[in-house]
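Working through the structure, step by step
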Amino acid sequence: MDEQGRSTSSDQPILYVLDTNVLIHDPNALLNFEEHHVAIPMTVLEELDKLKDGKQTVAAECRQAIRLIDKTLGDASPPVVESGVPIMRVNGSTKGFLSILMDKRPEPSNLLPQNLNDNIIINQLIDLHTRNPDLSVILVTKDINMRLKARACGIAAEDYSTDQLVDDVSLLSRGYHNVPGSFWDRVSKVETRQDHGRTWHRVQLSELLPSVHMNEFIIDEQGFVGWIKGIKDDELMILDLHQEPLLHQEAWGLKPRDIYQALALFALLDPDIHLVNLSGAAGSGKTILALAAAIEQTMVTKRYRRIIATRSVQGLDQEIGFLPGTEAEKMEPWLGAITDNLEALHMEDENTHGSVDYILSKVPLQFKSLNYIRGRSFQQSLILIDECQNLTPHQMKTIITRAGAGSKVICLGNLAQIDTPYLSAPSSGLTYLTERFKDFPQGVHITLQGVPRSILAEYAESHL
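Reading guide: rules and limits
Residues numbered from 1 in each chain as written. Predicted model: local features only at pLDDT ≥ 70, side-chain atom pairs only at ≥ 80, totals over all residues. Heavy atoms only, no water. Core = buried A, V, L, I, M, F, W, Y, C linked by side-chain atoms within 4.5 Å. Buried < 20%, exposed > 50% of the residue type's maximum accessible area, 1.4 Å probe, protein only. Helix = DSSP H or I, 4+ residues; strand = E, 2+ residues; numbered from the N terminus. Contact = heavy atoms within 4.5 Å. Pairing = 2+ DSSP bridges. Axes fitted to C-alpha atoms, helices over the stretch in contact; angles between N-to-C directions. Left-handed = near helix turned anticlockwise from the far one by under 90°. Nonpolar A, V, L, I, M, F, W, Y, C, P; charged D, E, K, R; others polar. Disulfide = S-S within 2.5 Å. Polar contact = N/O pair within 3.5 Å; in protein donor to acceptor, adjacent residues only side chain to side chain. Salt bridge = Lys/Arg side-chain N within 4 Å of Asp/Glu carboxyl O.

The next point concerns the nonpolar core. In this structure, Phe217 and Ile446 are the most contacted members of the largest nonpolar core, which totals 51 residues. In terms of residues, this core owes the most to one element, helix H8 (residues 259–269), which gives ten residues. Apart from the residues lying within four places of it in its own chain, the contact partners of Ile446 are Arg174, Gly175, Tyr176, Phe217, Tyr260, Leu263, Ala264, Asn277, Leu278 and Ser279.

Bringing the environment of Ala344 into the picture now. As for its position among the elements, Ala344 is in helix H11 (residues 336–345). Along the backbone, Ala344 and Ile288 are 56 residues apart, and their C-alpha atoms lie at a distance of 8.1 Å.

Read from one edge of the open sheet, six strands run S7-S10-S11-S12-S9-S8, paired in mixed fashion. One side of each edge strand has no neighbouring strand; the edge strands of this open sheet are strand S7 (176–179) and strand S8 (187–195). Sheet twist, expressed as the average angle between the axes of neighbouring strands with direction ignored, equals 30°. Direction of pairing for strand S11 (residues 224–232) relative to strand S12 (residues 235–242): antiparallel, over a ladder of eight bridges. Of the residues in S12, the one forming a bridge with Ile231 is Leu236. Seen against the sheet, H8 touches S7, strand S10 (217–220), S11 and S12 and runs at an angle of roughly 155° to S10.

Further remarks concern the packing of helix H5 (residues 117–131) against helix H6 (residues 144–152). For the pair H5 and H6, interaxial distance at closest approach is 10 Å and the crossing angle is 35°. Crossing handedness for the pair H5 and H6: right-handed. Residues Asp118, Asn119, Ile121 and Ile122 of H5 pack against Met146, Lys149 and Ala150 of H6. Its residues assigned to classes, the contact of H5 with H6 comprises four nonpolar, one polar and two charged.

Two cysteines whose sulfur atoms are joined by a covalent bond form what is called a disulfide. Under the definition given, this model contains zero disulfides. Here Cys388 is not disulfide-linked; the sulfur of Cys411 is the nearest cysteine sulfur, at 4.1 Å. Using a relative accessible area of 0% as the deciding quantity, one classes Cys388 as buried.

Counting buried residues along H8, eleven of its eleven residues qualify, which places the element largely inside the surrounding structure. Within H8 the residues assigned to the buried category are Ile259, Tyr260, Gln261, Ala262, Leu263, Ala264, Leu265, Phe266, Ala267, Leu268 and Leu269. With a side-chain oxygen positioned 3.1 Å from the backbone nitrogen of Tyr260, the residue opening H8 is Asp258.

Relative to each other, H8 and helix H9 (residues 286–300) sit at 35°, their axes nearing to 10 Å. The two elements H8 and H9 cross, and the hand of that crossing is right-handed. Where H8 approaches H9, its residues Gln261, Ala264, Leu265, Leu268 and Leu269 are matched on the opposing element by Leu289, Ala290, Ala293, Glu296 and Gln297. Residue classes in the contact of H8 with H9 are distributed as seven nonpolar, two polar and one charged.

Before going further, it helps to examine the pattern of salt bridges. A complete count under the given rule lists ten salt bridges for this structure. Residue Asp127 pairs with Arg131 through a salt bridge whose shortest N-O separation is 2.9 Å. Placement of the pair is Asp127 and Arg131 together in helix H5, with a separation of four residues, close to one helical turn. Among the residues examined, Asp127 registers a relative accessible area of 8% and is labelled buried. Across the salt bridge formed by Lys438 and Glu435, the nearest N and O atoms sit 2.5 Å from each other. The class of Lys438 is partly exposed, set by a relative accessible area of 25%. Since its relative accessible area comes to 17%, Glu435 is described here as buried. Several salt bridges share partner residues, and in doing so they unite Lys142, Arg147 and Asp159 into one network.

In structure tokens form, the structure reads like this:
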């Protein structure tokens, strides 16, 4: 079984041909095909070359992919580059081959018109398959339409799924377990102790909860809220969180509307939690909770020195432009959600607009483009990343690794609102993050419940 999940029935390696969007999605993709042969068409190298310049997010991925291809090919001669160079692994061994797919057709049989790069690649593969009918050729691309065209032409095509950890996002952890009735009905043995004003329960379950992970919450219908802080076989170490104090928390005047918002606010305000991942439908309160907690911890408790706010949208994959204005001024239209929520926090003030301007002048809040986050390191900062569902797993890693000493990262997203053409809910960086960090001792994930913005919004949600 190779990393793409394909069973190989014969000893003959498969030739995987990578499209440009695969190398942009994961610049290290060519290392993930085990013992098989990876080919990169010359057309793809040309596309990478066109995209590698500039400060766009995509340019950095292109440069990284080109460097890895160059390192792998090394000083191999042209005939070897065409036939396949052994891929050197981290442990010093070689496994699989990398080649550049050249178009050397004496009489090209163009099934598709040659005006598109996608068609050039597919025509090349049709010819390759015709000349080598025994060779198993598979096109790997994130472009659904290209996969459809390739299959229509008789070429096997599939998505790049190495970093896709779940097939169905409904299987993702929600960050809590709703238990019908009383949680204690499931407990066969319990030891309770008090420690610095906190109540801990060491419980053995007679009826196991499905897929329990560190830092998940247990909520039952009797009002019990527990926080899982240790797991060993059928034994759980649970911190008892009383529901009343949770619901009466406050951050910058904001109080949670339900128990799920209360748990999110609890995690946002906990200094020992370094990563908070909030997902949920539009209007569930993700941004306003994060913003209120961020202002509280920079203005009141002074836990963090500044707030770094950014978001991923397609427009930000391009440069923010050369028109007059600072980076913050150019970023402001993209970060309207931040200022909208600031207004909501100060709705009761006599002059809402004045309050927002005052807060923006006093709070150390910096709007940053994702293009300029790469290579930075933010110390004692609260890094707020909105629209995480539009990030690839590789981009997610790039941003989260920017967190320096004493910093906290808050990721917000809604998997139902992906705007990037080559991403789906299972392949989104938000899904990848949720799955990879589900046992991180200093991380909390909460899926917030939809809170309708208005009667109109609720009706539109169900009828449009």
